[in-house]
Amino acid sequence: MDVLKKIKLSFTLSLIVVLVFYIFGQIILPSERDVLVLESNKFNADWEQISDNGDRIPVEVPGKVKAEPGEEVRVVTTLPADMDTEQVMAFSTIWQDAKIYIDGELRAEYSTKDTRPFGKNSTFRYVFVELRKGDSGKELMYCLTTGTKYSGTIRNIYIGDKVDIILDLFVSKSAVTIPAALLFILSLFGIAVCVFLRVIYKKHLTVSYLIIAMMLCSIWMISELEFRQILFSNISVLACLTYVSVMLISVPFVLFINEVQNERYSKIFSVPLTYNMIVFVGATMLQVMNIVDFVDVLPFAHVGIIIASVCIIVTMINEIRNKKIKEYKYVSIGILGLVVSTFFEIILYYLNFTNTIGTALVAGLLFLLLMAVVKTGQDLMETEKKKHEAILAREAQSNFLANMSHEIRTPINAIIGMNEMVLREASDENVIEYSNAIRSSSQSLLSIINDVLDISKIESGKMEIVESNYELSSLITDCHNVVIERVRAKGLNLHIECDENCPVVLCGDVAHIRQVIINLLTNAVKYTENGDVYFRIKGEKYDDQWYLMVEVEDTGIGIAKENIDKLFVKFERFDLQKNRSVEGTGLGLNIVKSFVELMGGTIKVESEYGKGSLFTIRIPQKIMNPAPIGKINTASVVRGKQPAKRVSDFIAPQAKILIVDDVPANLHVFINLVKHYKMQVDTATCGQQCLSLAAQTKYDMIFMDHMMPEMDGIETLGNLKKDPDNLNSDTVVIMLTANALIGMKEMYLEKGFTDYLSKPVIPEKLENMIDRYLSDDKKISPDSASSAGKGDGVSTHANDAKTVDNSTPLQRLKRLMPDVNTQSAIRYCGGEEDMYIELLRDYTAEGIYNRLSEAYDKMDFKAYELEVHTLKSTSRTLGFDKLGNIAERMQLAAAQNDADTINTVHDDMMSLYKKILDTLAEVLQ
Ligand code: ADP
């Protein structure tokens, strides 16, 4: 241990010693106070009790005489002959009515029967009698009545100056008063802190139950103070608080311990909790109905405290046995402190230190509070640490999700695009059917990925609200168009009702609003088997804003009452039995709610199980053109869903376009999507290639991918614009991006792009874009083109070997693998090109590759020999002579168990084989 540590330890020990010295000094050592000692004011005299028949029996005062409850006890004495008449006498009563007579004259009376809220007896209090001239030597009679167990109890009587007596009471009880007041103030402050944390931060502190227990304890001590009649107006009410706090005190205590022990013993603790609550409710009812006073049920409350204490002790012993006590070692030290202080309290009580009653207990309680606060502090720090870690983890998770979904979107783009081409070109019904299945599955996969991306953006707080002006009618049409196909497919009726007073143009985040409405409409359709779906648009003006209100109602399966609260929780789906066939992730409504709230709006749902649901959203929007929208002709909306005029009604053989994308499959898709325009298409697989092409050719449009290695789309455009002499300074450049986040469009426009298309490219959107940005003089009708003999296909430049045109597989194979001996191969096929292509397909499907790898892994030379033999002959037949020759060498090596040759050549052979298979896959699709 280093010196500093030793000093710290000895300093702490010194403080403890000083504290102990002080406490013991004050409590144990004789008093040195010489002013206002109550004892010296005690009225000592010989007393006699007067019985009913007038007999006088000498009695001890203070003391207890024989008396039935309710019976009036009368005791008499003679006042001293030499009395100072400025003095007062103070009679201490306990739950008794009192009358004091001097020389037969009633000089003081105490009874609360007209002022107490309930109860049959007056509470404890001092009754003062002012002495007059001539009272000396007279007879003093003191009459007491009570229905309680205190019948016959006669407490201390004092004589002296009134102020002296009161001050004396104050000072003599200061050992209790000060700690009680301190405890009260502390608990009041603690409760304020707990309420603040609860209301503002929705945080519950375990220590709050302990603070409540302390508050009850301080109330109990304060309400028991001997001079309470000077501080409080109605002491009958105060006296009730004494009993209430005693009956309730163990409840928050037990709840505190239960929470500290992580509710491991809830069952055991339910016993004292239930008992104490029954005692409290029962005693209160009996008291309010004036059947039994609180004071008489006090033993039941004490039993409650004992039961609670036993339960706490038992559970703590068990915790020690199970080594769980470590979890809350500070609290257990605090409880130990409380036990020790209670022990002292009892000792002090029996040593008759009545003026210090409660002091040791308060010290113990304060110690426990201190320990509990230390534990709470530790817990809070732990929670903060965990929160911080969780934030980091969530950030990492959302970055991962964002990256992953971007990565996943790229291949899906290719799948959707390729499939679109299949759909356009296929005539076989089976193929169309399969292709439709691919379309719907990939669309739903894409929408799940979009949902996941949205959720990760929302959770990481990166979801932006981007406002722009929009026409309400377009919003309605868009939403309608998206869902109408599904509505039709299910045979439902969609009703659109728009309030004529809605403003024509609003300003808000229309993309998000559209997404929200489409989500609600899609759900309405998904969860409705037959009947109607209502899409209502209305709103109201308030503070210059338009509170756009959209209702989506359906006559579908509805939502059970117990599920309504969980509706907006992530991944919650209901009625899975019924909805087995309905696709979904349970993310949609969570996103809807987040979007609506981000836009400062609200969402509510009403639903009747089996009958249908009504979702209502209300979002504030700025009014840009307040003219009323008027009657929205639903027929015109419906017309909006008709496929827009096919822009491929024109062709543009003179137009030159450049497509830049690092993924060949994307280029492939794109070329096919634009092929019916018969434009001259150039492709580039990187930014650099784009710049060199753009330096030579003036393009009408450039479609540029965003994410590319080395130089991304934004950088490429930046470099293109930097060159003052470049041919393409005014060329329309469209960003192609899978990063279709809200708010990105504005970013792209700012960077100099003319517009953007999100991937996967939707053919209609692409067509609209070409129609919009391609100058009219480049567009000609297909008929005039054929008469002019122009434009017989896509003109592709030879700068990119991967560019795919509409050539045959054989042509493509020759271009991609010029060293394939196709001539001899076709000869083998009897000169039939189609047969050769068929054989190539079989070759790719043979599975030799996997079997060879397996045989190699197992070093199974027999199997290896068999496979390379087949590979040799088929490869040679199909013109892959190089591979055929290697296979022959390997066949020989396998036959001779020549592991060395096999090990050296195997990888090279396999990579050549793989390259051939990959090329064939591309060629044959
Ligand atoms: P998903 O539809 O992908 O499952 P949502 O978050 O959109 O996820 O919806 C969560 C659940 O709420 C659904 O699984 C469904 O049980 C229920 N639900 C949503 N909309 C409706 C509706 N209009 N009618 C009945 N149930 C609905």
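Here the structure is a predicted model, which means the values were calculated and not measured. (Residues numbered from 1 in each chain as written. Predicted model: local features only at pLDDT ≥ 70, side-chain atom pairs only at ≥ 80, totals over all residues. Heavy atoms only, no water.)

Caption draft 1: Region of interest: the site of the ligand. The ligand sits among 20 residues. The nearest are Asn 523, Tyr 527, Arg 573, Thr 585 and Leu 589. Between the ligand and Ser 613, the relevant distance is 3.4 Å, taken from a nitrogen atom to a side-chain nitrogen or oxygen of the residue. Among the secondary structure elements, those contributing two or more residues to the shell around the ligand are helix H14 (510-526), helix H16 (588-598) and strand E18 (612-628). The dominant element in the shell around the ligand, judged by the number of residues it contributes, is H14, at three residues. Partitioned by chemical class, the residues of the shell around the ligand number nine nonpolar, seven polar and four charged. (Near = heavy atom within 4 Å. Polar contact = N/O pair within 3.5 Å; in protein donor to acceptor, adjacent residues only side chain to side chain. Helix = DSSP H or I, 4+ residues; strand = E, 2+ residues; numbered from the N terminus. Nonpolar A, V, L, I, M, F, W, Y, C, P; charged D, E, K, R; others polar.)

Caption draft 2: How the structure looks around the pairing of strand E5 (residues 88-93). With six of six residues buried, E5 is to be regarded as a mostly interior element. Of the two faces of E5, the one lined by Val 88, Ala 90 and Ser 92 and the one lined by Met 89, Phe 91 and Thr 93 are each fully buried. Examined bridge by bridge, E5 and strand E8 (residues 125-130) share six bridges and lie antiparallel to one another. Paired with Thr 93 across the two strands is Arg 125, which belongs to E8. As paired strands, E5 and strand E11 (residues 157-160) are joined by four bridges and run antiparallel to one another. Note that in E11 the partner of Met 89 across the bridge is Ile 159. (Buried < 20%, exposed > 50% of the residue type's maximum accessible area, 1.4 Å probe, protein only. Pairing = 2+ DSSP bridges.)

Caption draft 3: Region of interest: the packing of aromatic side chains. Tallied over the full model, the rule gives 17 aromatic pairs. Pairing Phe 124 with Tyr 126 gives two aromatic rings, centres 6.0 Å apart and planes at 70°, and the pair type is edge-to-face. Ring geometry for Tyr 542 versus Tyr 547: centroids 6.2 Å apart, planes at 70°, classification edge-to-face. Note on Tyr 547: relative accessible area 18%, which makes it buried. Taken together, the aromatic side chains of Tyr 843, Tyr 849, Phe 880 and Tyr 913 make up a single cluster linked through ring pairs. Lying across the ring of Phe 128, Lys 162 places its NZ or CZ 5.1 Å from the centre. Sitting over the face of the ring of Phe 650, Lys 779 holds its NZ or CZ atom 5.2 Å from the ring centroid. (Phe/Tyr/Trp six-rings, centres within 6.5 Å; stacked < 30°, edge-to-face > 60°. Lys NZ or Arg CZ within 6 Å of the ring centre and 35° of its normal.)

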